[in-house]
Amino acid sequence: MKKYTGHVISMVMPGSIAEEMNIEPGDVLLKINDEIIEDIFDFQYMVQEDHLDILIRKKDGEEWLLDIDKDFDEDLGIEFENGLMDDYRSCSNKCIFCFIDQMPKGMRETLYFKDDDSRLSFLQGNYVTLTNMSDKDIDRILKYHLSPINVSFQTTNPELRCKMLGNRFAGDALKKVDRLCAPGTGIEINGQIVLCKGVNDGEELTRSISDLTKYIPNLQSVSVVPVGLSKYRDGLYPLEPFNSEDAAKVIDEIESWQKKVYDEHGIHFIHASDEWYFLAGRDFPEEERYDGYIQLENGVGMMRLLINEFDDAVERIIERYGDEVKSFSQEISLATGRLVYPCIKELAEKVTEISPGIKIHVYEIINEFFGERITVSGLLTGQDIIKQLTGKELGERLYLPENLLRSGEDYLLDDVTIGDISKALSVDVGISKCDGYYLACALFGVEPE
C-alpha cells in the first residue's frame, strides 16, 4: 500500500480563509478533523463543516494545526497539484474493442493511459466498466451521492462480458449495479454498449436492453455505439465493421424498444448513436426522442441538435440583418470527417442559397492515420488535414471542428498544432464550436450576439 504523504497545495485564492490562515502554495494538507483525506471527494465532504481542525505541513517541515470557524459550505480557497487528490486508476481489462490497443506506437504517452476510475466518471463523464470498483467504492458513491455515474455495460450476459472485457471478474461486476440502483439511493446512471458485430449484437443486444430496463429510473439512458476499428489491429481479436444493412437492423431494434419503454416509463431510454443513422442512410430522429440529449457526449443526437441549432440560427441572422444578408460576401473553407461531411455540406449550401456572394469549400478528410474505417471528426490528425488540403482552395479562413482538440489545448492527436496547420497551408485557421449557432455565424461571417 502506498504511504500517505498528504496533498500538495498548488494555489491559494486571494482573500480566502486559507490566505488569512497563512496557508501558502507548496504547503501540504495532512488531515482534516484528524481524518486522512483520500481524494477530492473526502476533502469536499469534510470542509463543509462549520468548524475544522486542519493539519498543515509547511514547506520547512513544521506542522501547523489550524482551528477554523467558518460558515457551513464556505470554501477554504485552496487548490491542489492533483485535481483528483489521488492516483488515477488504470484499467485492468483487456477489451476486444479497446481503441487504445489499436493506436500506433510513438504517440504521446498520455494517449496510452487506460483509465477506469469511477471518480472520473463523476468528474469528467468517463465511462467505467465496474471491474475496478470495490465495495468500499460503492459505499463512498452512496455516502457522497456521486451522481451521475457512466457505466460501460457492453452486455448483460456475464459469460460474454468476461470474454469481451478480457477479465474473469467482469460478469460479477454487473452485480454492483444492483447496489447503485437499489430503492432510495437516488444514484443516476447512464449506460453504454459498444456493439461488436457477431459478438454482442442480435439476440445478445435484445437481452441486454431487456435486462437494463429493470434498472429504470436510476438508469436513465443507454447508448449503443458501433465499435471503432483502426488499421492497427494486428494480433487483436478479429472484429468486422458493420454495413448499412446491419445498421438498419440495429436502429429497428432500438426504435422498437424505445416505443415499449416510453409507453411504460415516459422516457426513450435506449439510443442509437448518430453513426448508425449515417451508415443506414436514414434521417435522424426528431429532437423529442433524445430525452434532452443526455447522451450527447457519446455521439447520440449531436447531428440533430446541430441541425436544429443551425436552422434556428439562420432564421435569427435573417431577422437580424434583413435584406442585407443577401449581399454578404466571403470565401472560406471547412474541413471535417467523412461521417458528417454530407450533413455539413448541406448546411453550407443553405447559407450560399441565401447569400450568393458567400463561397464555402467543404472538404472531407479521410483518416489515413488511423485508417479509413475511422470516420469521426474527433480522431482526425493534423498531418492528414495538411496533406489533403495542400493546394486546395481555402479562401480567407479554414474552419476546423472544436472536437479535434484536447480541452484547453491547441494541438491535435498527433501533436500538430493549429499554428502548424495555418503555417503549412498559408491560411488563417479558425475553430468552430460544435454548436449550430456558432457554425451559422461563422459561415455567414457575422459575430455571435
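A brief look at the structure comes next. What you are looking at is a predicted structure, and each value in this text was computed from that prediction instead of being measured.

The element strand β2 (residues 28-32) is largely enclosed, with a buried count of 4 among its 5 residues. Pairing analysis gives 2 bridges linking strand β1 (residues 7-12) to β2, with the strands arranged antiparallel. Within β2, the position partnered with Val 8 by the bridge is Val 28. Of the strand pairs in this sheet, β2 and strand β4 (residues 51-57) are connected by 4 bridges, and their pairing is antiparallel. Each residue of the ladder has a partner; that of Val 28, found in β4, is Arg 57. Summarising the sheet, β2 and strand β3 (residues 35-36) pair through 2 bridges and their orientation is antiparallel. Its bridge partner lying in β3, Lys 31 is registered against Ile 36. Connecting β2 to the antiparallel partner β3 that follows it, the hairpin turn spans 2 residues, and Asn 33 within it adopts a positive phi of roughly 50°.

Attention shifts here to the packing of aromatic side chains. Here the distance between the centres and the angle between the planes together describe a pair of aromatic rings. Counted by the stated rule, this structure contains 9 aromatic pairs. Plain terms: the ring middles of Phe 242 and Trp 276 are 4.9 Å apart, the flat faces sit at 70° to each other, and that makes the pair edge-to-face. Taken together, the residues Phe 242 in the loop between β10 (219-226) and α9 (244-265) and Trp 276 in helix α10 (residues 274-280) connect sequence positions 34 residues apart. What makes Phe 242 buried here is its relative accessible area of 11%. You can call Trp 276 buried: its relative accessible area is 0%. Ring geometry for Tyr 290 and Tyr 293: centres 5.5 Å apart, planes at 15°, overall stacked. Both residues of the pair, Tyr 290 and Tyr 293, count as buried. The structure contains a cluster of three or more aromatic residues connected by ring pairs, namely Phe 99, Phe 369 and Phe 370. The lysine or arginine in question, Lys 260, covers the ring of Trp 257, its NZ or CZ lying 4.5 Å from the ring centre.

A word on unusual backbone geometry. Going from Ser 147 to Pro 148, the amide bond is cis rather than trans, its omega being 5°. Secondary-structure assignment places Pro 148 in the loop between α4 (135-144) and β8 (149-152). Although it is not a glycine, Asn 22 sits at a positive phi angle of roughly 60°. Within the secondary structure, Asn 22 is located in the loop between α1 (17-20) and β2. The phi dihedral of Asn 33 falls on the positive side, at around 50°, and the residue is not glycine. By the element assignment, Asn 33 lies in the loop between β2 and β3.

Moving on to the packing of helix α13 (residues 382-389) against helix α14 (residues 418-425). How two helices pack is summed up by the angle between their axes together with the distance between the axes. Contact geometry for α13 and α14: axes closest at 10 Å, N-to-C directions at 15°. By the angle between their directions, the pair α13 and α14 is classed as roughly parallel. Here the hand of the crossing between α13 and α14 comes out right-handed. Of α14, the residues touching α13 (which contributes Gly 382, Ile 385, Ile 386 and Leu 389) are Asp 420, Ile 421, Ala 424 and Leu 425. Partitioned by chemical class, the residues of the contact of α13 with α14 number 6 nonpolar, 1 polar and 1 charged.

Note that β1 and strand β6 (residues 78-80) share 3 bridges and pair antiparallel. For Met 11, the partnering residue across the bridge sits in β6 and is Glu 79.

Another point: helix α8 (residues 203-212). Of all the residues in α8, the buried ones are Leu 205, Ser 208, Ile 209 and Leu 212. Along α8, the residues classed as buried sweep out an arc of 95° about the axis, all on the same side. In the core, the buried residues of α8 are packed alongside β9 (189-195), β10, α9 and β11 (270-272).

On to the environment of Ile 187, then. Its location among the elements puts Ile 187 in the loop between α7 (176-180) and β9. Spatially, the C-alpha atom of Ile 187 lies 17 Å from that of Ile 267, the residues being 80 residues apart in sequence. Sequence-distant contacts of Ile 187, defined by excluding residues within four places in its chain, comprise Ile 141, Leu 142, His 145, Leu 146, Ser 147, Leu 180 and Asn 218.

Moving on, we get to α13. For the α-helix, the turn length of 3.6 residues means that residues three or four positions removed from each other point alike. Counted residue by residue, α13 has 6 buried out of 8 residues, so it is predominantly covered. All of the buried residues along α13 are Gly 382, Asp 384, Ile 385, Ile 386, Gln 388 and Leu 389. In this structure, the buried residues of α13 make contact with β12 (330-337), β13 (358-365), β14 (397-401) and α14.

Turning our eyes to something else, we now look at a negative patch on the surface. Together, Glu 19, Glu 20, Glu 49, Asp 50, Asp 67, Asp 69, Asp 71, Glu 74, Asp 75 and Glu 79 make up a negatively charged patch on the protein surface. Elements with a minimum of two residues in the negative patch: α1 and β5 (63-69). Along the chain, the position of Asp 75 falls in the loop between β5 and β6. Residue classification places Asp 75 among the partly exposed positions, given a relative accessible area of 49%.

Pairing in this open sheet of 4 strands is parallel, and the strands run β13-β12-β14-β15 from one edge to the other. Both outer strands of the open sheet, β13 and β15 (428-432), are each paired with one neighbouring strand and no more. With strand direction ignored, the average angle separating the axes of adjacent strands in the sheet is 25°. In this structure, β14 lies alongside β15, joined through 5 bridges in parallel fashion. The partner of Tyr 399 across the bridge, within β15, is Gly 430. Each of β12, β13 and β14 is contacted by α13, which is oriented at about 125° to β13, the strand it contacts most. In the packing of α14 onto the sheet, contacts are made with β14 and β15, and the angle to β15 comes to roughly 140°.

What counts as what
Residues numbered from 1 in each chain as written. Predicted model: local features only at pLDDT ≥ 70, side-chain atom pairs only at ≥ 80, totals over all residues. Heavy atoms only, no water. Buried < 20%, exposed > 50% of the residue type's maximum accessible area, 1.4 Å probe, protein only. Helix = DSSP H or I, 4+ residues; strand = E, 2+ residues; numbered from the N terminus. Pairing = 2+ DSSP bridges. Phe/Tyr/Trp six-rings, centres within 6.5 Å; stacked < 30°, edge-to-face > 60°. Lys NZ or Arg CZ within 6 Å of the ring centre and 35° of its normal. Axes fitted to C-alpha atoms, helices over the stretch in contact; angles between N-to-C directions. Parallel < 35°, antiparallel > 145°, perpendicular 65-115°, else oblique. Left-handed = near helix turned anticlockwise from the far one by under 90°. Contact = heavy atoms within 4.5 Å. Nonpolar A, V, L, I, M, F, W, Y, C, P; charged D, E, K, R; others polar. Arc of directions from axis to C-beta. Patch = residues over 30% accessible without salt bridge, like charges linked within 9 Å, V, L, I, M, F, W, Y side chains within 5 Å. Areas by Shrake-Rupley, 256 points an atom, 1.4 Å probe, with all protein chains shown as cover. Salt bridge = Lys/Arg side-chain N within 4 Å of Asp/Glu carboxyl O. Lys, Arg positive; Asp, Glu negative; His and termini not counted. Charge placed at Lys NZ, Arg CZ, Asp CG, Glu CD.

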